[in-house]
Amino acid sequence: MSGLKPPTYQRSQGCLTCVKQPFCFGGSMQGMSATITFLGGADTVTGSKYLIEHQHQRLLVDCGLFQGYKQLRLRNWNPLPVVPSQINAVVLTHAHLDHSGYLPLLVKEGFRGRVHATSGTCDLAAILLPDSGHIQEEDAFFANRHGFSKHAPALPLYTKQEAIHCLKQLHAERPGQWFEPIKGWKARFQPAGHILGAASLLLEVAGRRILFSGDLGRPDDPLMNPPEPPPQADTVLIESTYGDRQHPQGKLFAELGPLLHKLAARGGVAVVPVFAVGRAQAVLHTIAQLKAAGEIPHGLPIFLDSPMAIHTTALFERHLGEHRLNAQEVHTMDRVATMLETPEQSKSLAKRHGPMVILAASGMATGGRVLHHLAQYAGDHRNMIILTGYQAPGTRGASLASGRPTIRIHAQDVAVRAEVVQIESASAHADGNQLISWLHKMPSAPGQVYVVHGEREASDMLRQRIEHEIKWRALVPEHGSVWPL
């Protein structure tokens, strides 16, 4: 994301310019029903942004960064087809960066409205967004120092301070209670599982009810409560991250235990790329259970090398009742690992020998401290790299999962001789059957379903299932397309 100049805006008469749109409104929405523009989360699993327009009022639902392939990441540098100052409000379904990470840039470029979210999302955004800015600054500094950027100088998309600045526009809303993001527009959150604060959103505008699923959790998630059933709506946007597959029946306990037992026996080091929000806590909770059950050595050293994950773990105590853990289980999860806050503490791990387990962000190995640990330990066959969730195409995590013999880290090719394992039971997303089951709980059929937030194969498979099994109209929208609601 570093290395390009920030965008400038060229816009004439407020006309929405999109990549591929089936309708052209000639720069005026007056007299039209509400419309939705898919500015992200279409044709891909990242960058979720859905622009709702009605009578010159604009609401952006989710404000995510693009991740993965370079051509997707470059979209973060392209100006939006709507001037940020002309967006009236933003609503976030949850705090993961592919849903919230563009917010600092939106504010930097002129957005001045409120950002509505649940209290859990507000708390997590206060951790994730400054960390995102910090990592981008570090990446730009590293690129400039070592001269491997094509741009001089390499620049961060936004800074840590710019991310902190945008937080003042966050406004917490209670799930189940109506609020007005724009005068005359009604909105309501309901729990979606997935991570702390994650919610589905029901929006009422222009006499229409639009339901945004957000990212839906699993009914059998070890940490989070199951998502609530969907309310009635005219239009539904359903995520499809795992729309083309089903999760295995096994539990994380059963998958992770044998791996760590084998690792301890051979004295190796496990590098575990984790998503700092949700996945890190699920793995810590499982390790605590494994140690208590005697499935892995009680003295096996565990390190959590992510300030963001450390701070997120602390939030579980503040949000008791929003997840499955009681206060004692939260305390045990917090104590099972040695927490490494500073860069010096992180670097000190290189002086240790195995066996040990290092949990570090990011979960797809796109940045952060995990890169240094991969560079340090990927070349030794005694070691192990444990992938704990979805790996978006174009990420280092996806390269590792595919079995590539080398990965590129800081302009160097790093040999991968360590055992690479992808755990199948740790996902915090509903699978295809669970998504269909959630839709089945709607009181009656919506007029239209848009299948979003998935790679093309996953989205189209879910579309086919919706059309054939439930007999509802379903469409996979293209990036930049505009549709009436």
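Please read these numbers as outputs of a predicted model, since none were measured by experiment. (Residues numbered from 1 in each chain as written. Predicted model: local features only at pLDDT ≥ 70, side-chain atom pairs only at ≥ 80, totals over all residues. Heavy atoms only, no water.)

Participant: Can you break down the overall build of the protein chain residue by residue, with the values?
Facilitator: Along the backbone of the protein chain there are 14 helices and 21 strands. Counting over 485 residues, the protein chain shows a buried share of 57%. Counted over contacts in the protein chain with a minimum sequence separation of 6, partners at least 24 positions apart contribute 76%. On the protein chain, roughly 19700 Å² of surface is accessible, and the fraction owed to carbon and sulfur atoms is 50%. In the protein chain, 46 positive and 41 negative side-chain charges are present, and the distance between their average locations comes to 4 Å. (Helix = DSSP H or I, 4+ residues; strand = E, 2+ residues; numbered from the N terminus. Buried < 20%, exposed > 50% of the residue type's maximum accessible area, 1.4 Å probe, protein only. Contact = heavy atoms within 4.5 Å. Areas by Shrake-Rupley, 256 points an atom, 1.4 Å probe, with all protein chains shown as cover. Lys, Arg positive; Asp, Glu negative; His and termini not counted. Charge placed at Lys NZ, Arg CZ, Asp CG, Glu CD.)

Participant: I'd love a proper account of the environment of A309, names of residues and values included.
Facilitator: The residue A309 is located in helix α8 (residues 307-318) in this model. A residue is classified by how much of its surface remains accessible, and A309, at 0% relative accessible area, is buried. Considered as a pair, A309 and Q281 are 28 residues apart in the sequence and their alpha carbons are 7.8 Å apart.

Participant: Tell me about the pattern of salt bridges, and name the residues and values.
Facilitator: Where charged atoms from two side chains of opposite charge approach closely, those side chains can pair. Enumeration according to the criterion identifies 15 salt bridges in this entry. For R218, the salt bridge identified is with D220, shortest N-O distance 3.3 Å. The class of D220 is partly exposed, set by a relative accessible area of 34%. For the salt bridge of R382 with D380, the shortest nitrogen-to-oxygen distance reads 2.7 Å. Through salt bridges that share partners, K262, R266 and E419 make up one connected network. (Salt bridge = Lys/Arg side-chain N within 4 Å of Asp/Glu carboxyl O.)

Participant: Any chance you could break down empty space enclosed by the protein for me, citing the residues and the numbers?
Facilitator: This model, assessed by the stated rule, comprises two cavities of 30 Å³ or more. Of the pockets and cavities examined, the second largest cavity occupies roughly 80 Å³. In this structure, the second largest cavity is lined by 15 residues; those nearest its centre are Y50, S213, G214, L237 and V452. When residues in the lining of the second largest cavity are grouped by element, the largest group, three residues, is from strand β10 (residues 235-239). The residue makeup of the lining of the second largest cavity, split by class, is six nonpolar, six polar and three charged. (1 Å grid on protein atoms, 1.4 Å probe; cavity = no way out; pocket = protein on both sides within 12 Å on 5 of 7 lines; lining within 4 Å. Points joined across faces, edges and corners; volume = space filled by probe spheres on them. Nonpolar A, V, L, I, M, F, W, Y, C, P; charged D, E, K, R; others polar.)

Participant: Can you explain helix α7 (residues 279-292)? Please cite residues and give values.
Facilitator: Helix length check: α7 (14 residues) gives 20 Å between terminal C-alpha atoms against 20 Å at 1.5 Å per residue, within 8%. Those residues of α7 not exposed but buried are R279, A280, Q281, A282, V283, L284, H285, T286, I287, A288, L290 and K291. (Expected span 1.5 Å × (residues − 1).)

Participant: Can you break down the sheet that holds strand β13 (residues 338-339) residue by residue, with the values?
Facilitator: The six strands lie next to each other as β13-β12-β14-β11-β15-β18, forming an open sheet whose pairing is parallel. At either margin of the open sheet sits one strand with a lone partner, and together these are β13 and β18 (419-422). Pairing between strand β12 (residues 302-305) and strand β14 (residues 356-360): four bridges, direction parallel. Residue pairing in the sheet places F303 in a bridge with I358 of β14. (Pairing = 2+ DSSP bridges.)

Participant: Please provide a residue-by-residue account of the pairing of strand β9 (residues 208-212), values included.
Facilitator: With five bridges joining them, strand β8 (residues 199-205) and β9 adopt antiparallel strand pairing. Directly across from L203, in β9, lies its bridge partner I210. Turn length for the β8-β9 hairpin, with the two strands adjacent in sequence and antiparallel, is two residues, and the turn residue A206 shows positive phi of about 55 degrees. Note that β9 and β10 share three bridges and pair parallel. Opposite F212, over in β10, you have L237 as the bridge partner.

Participant: Just give me the short version of the state of the cysteines, but keep the residues and values in it.
Facilitator: In the structure shown here, the tally under the stated rule is zero disulfides. Free cysteine C63: the closest other cysteine sulfur is in C166, separated by 8.7 Å. For C63, a relative accessible area of 0% corresponds to the buried category. In this structure C122 is not part of a disulfide, and its nearest cysteine sulfur, from C166, lies 11 Å away. When its relative accessible area of 14% is taken as the criterion, C122 is described as buried. (Disulfide = S-S within 2.5 Å.)

Participant: An account of the sheet that holds strand β7 (residues 186-191) is needed here, citing residue identities and associated values.
Facilitator: Spatially, six strands are ordered β7-β8-β9-β10-β19-β20 in an open sheet, and the strand pairing comes out mixed. The open sheet terminates on both sides in strands that have one partner only, identified here as β7 and β20 (474-475). Here β7 runs beside β8; their pairing, made up of six bridges, is antiparallel. Bridge pairing in β8 places F189 opposite L201. Seen against the sheet, helix α13 (residues 432-440) touches β7, β8, β9 and β10 and runs at an angle of roughly 160 degrees to β10. (Axes fitted to C-alpha atoms, helices over the stretch in contact; angles between N-to-C directions.)

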